[in-house]
Structures are given as structure tokens and as C-alpha cells.
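# Coordinates in review
The residues making up each chain are set out below.
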Amino acid sequence: WNFRYYCQSKAETILNRFDIKEETAMQNIDLICVGKLNAKYFAEGVAEYQKRLAAFASFRIIELPEEKIEEKNASDAVVKKALDKEGKAILSNVRKGAAIVAMCIEGSNPDELAQFLADRANSGAGDVAFVIGSSHGLSDEVKRAAALKFSMGRITMPHQLARLVLTEQIYRACTINAGMKYHK
């Protein structure tokens, strides 16, 4: 059983069924995350959406190490230093020309995501890099580099859950752009 062949044949089937242009379907979408996905149930959920996304985009996940902060009540300067180091690592992993979408509380709502991905795909410069920072957030440098700041609302959730929810939202946006019905 060849997973790559399976995904490719599923992608071709979906492309043909919904008359999706191949150049739109093969947009590069990266999810750059600080920290590991440790819980098996989150990993399985992310893997399911990653498999489904293969029909619409070349989707990859890049995990970067979280900077260790030894102090329990670290000063703002210590946290900023860690965020700056993580930010440099994040930016060095963004594909050249990709639009950065920074996941942060001050961002816009999910309704704009499908349109943003469609606009990127149709512009010919379709690569997008979604970024989830560490438990301390994202550096100012990453936020300034972002073409879009995206929020999942004013709720607080563990980063592993945020990764699963974001992967599902990316899949949802791709199905909307392909004119498919999304389950309710």
C-alpha cells in the first residue's frame, strides 16, 4: 500500500469530480509550529485533516523547538528574548514569497480565511505559511511580517488543540473554495 499514490489518486478524483484547476489545487500551505504535538489523539486528528488537504494543496507541518525559559516568573525581557529567537527560526522556515498568517489573539476571524487562500492561489503567488507560536505567543517581528493576523476567537486553548482546529479550518477553507459542501 503506497500512501503517496493513495493521496495522489484521491486528489485526482476530487479534482476531476469538482472540476478544480490543478494549479489552484497545488498551492503550498505550510503550518509552522513552535513545540511538539505529543498527544496521540491530537496527532491523529491533525493527520486526518493533513490527508484530506492533499486533494487541495501541498500541505506540510514544520515543528520548531520552543525556547526554554527556566524561571517560573520570567521577566518580560527574558520572554521577549525567547520570542525573538523563536521568531528568527520561524521566519527562516517560511518559503520564499509565501504569505505569512500569524495566529494571534488580535487577528481577524475565520470567515476571511477561505477568501484569503483563494486570493493567494489565484494571484499565482499562492504559497502560505500559517504560524503558531509558543505558549508565550509570537515575536513582534513575525507579526509585522504577517500578511494576515488570524484568530480563532477570544478563547484560550492549548497549542496542540489550536493546531488541530487550525488544520481543520484550513481544510474547511479549501473545500469552500472548491465549491464543495462542508459537513455541518
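Structural notes, computed from the coordinates. (Residues numbered from 1 in each chain as written. Predicted model: local features only at pLDDT ≥ 70, side-chain atom pairs only at ≥ 80, totals over all residues. Heavy atoms only, no water.)

### Thoughts on the nonpolar core
Core analysis: the biggest nonpolar cluster contains 34 residues, and I29, L117, F130, L166 and I170 have the highest contact counts within it. Among the elements of the structure, strand 1 (27-34), helix 3 (40-53), strand 2 (57-64), strand 3 (99-108), helix 5 (113-123), strand 4 (128-132), strand 5 (148-150) and helix 7 (159-177) are those that each provide at least two residues to this core. Each residue touching L166, except ones within four places of it in the same chain, is listed here: L31, M103, F130, I132, F150 and M152. Ranked by size, the runner-up nonpolar core spans 15 residues in total, among them I32, V131, L138 and V142. (Core = buried A, V, L, I, M, F, W, Y, C linked by side-chain atoms within 4.5 Å. Buried < 20%, exposed > 50% of the residue type's maximum accessible area, 1.4 Å probe, protein only. Helix = DSSP H or I, 4+ residues; strand = E, 2+ residues; numbered from the N terminus. Contact = heavy atoms within 4.5 Å.)

### Remarks on the packing of helix 5 against helix 7
Put simply, helix 5 and helix 7 touch, their axes get as near as 8 Å, and they point 65 degrees apart. The handedness of the crossing between helix 5 and helix 7 comes out as right-handed. When helix 5 is examined against helix 7, the residues L113, A114, L117 and A118 are found in contact with a partner set consisting of Q169, I170, A173, C174, I176 and N177. When grouped by side-chain class, the residues that make up the contact of helix 5 with helix 7 number 8 nonpolar, 2 polar and no charged. (Axes fitted to C-alpha atoms, helices over the stretch in contact; angles between N-to-C directions. Left-handed = near helix turned anticlockwise from the far one by under 90°. Nonpolar A, V, L, I, M, F, W, Y, C, P; charged D, E, K, R; others polar.)

### So, the pattern of salt bridges
Oppositely charged side chains may form a pair once their charged atoms are brought near each other. Summed over all chains, the structure comprises 11 salt bridges. A salt bridge links E48 to K51; the nearest nitrogen and oxygen atoms lie 3.4 Å apart. Of this pair, E48 and K51 both sit in helix 3, 3 residues apart, roughly one helical turn. Residue E48 is classed as partly exposed on the basis of its relative accessible area, which comes to 29%. In this structure, R163 and E63 form a salt bridge, with 2.7 Å as the shortest nitrogen-oxygen distance. Of this pair, R163 sits in helix 7 while E63 is found in strand 2, placing the two residues 100 residues apart along the sequence. (Salt bridge = Lys/Arg side-chain N within 4 Å of Asp/Glu carboxyl O.)

### Concerning the pairing of strand 4
For strand 4, the buried fraction is high: 5 of the 5 residues fall into the buried class. Every second residue of strand 4 is oriented toward a common face, with V128, F130 and I132 on one face and A129 and V131 on the other, all of them buried. Where strand 1 meets strand 4, 5 bridges bridge the pair, whose relative direction is parallel. Opposite C33, over in strand 4, you have I132 as the bridge partner. Bridge analysis of strand 3 against strand 4 gives 4 bridges, and the strand direction is parallel. The partner of A99 across the bridge, within strand 4, is V128. (Pairing = 2+ DSSP bridges.)

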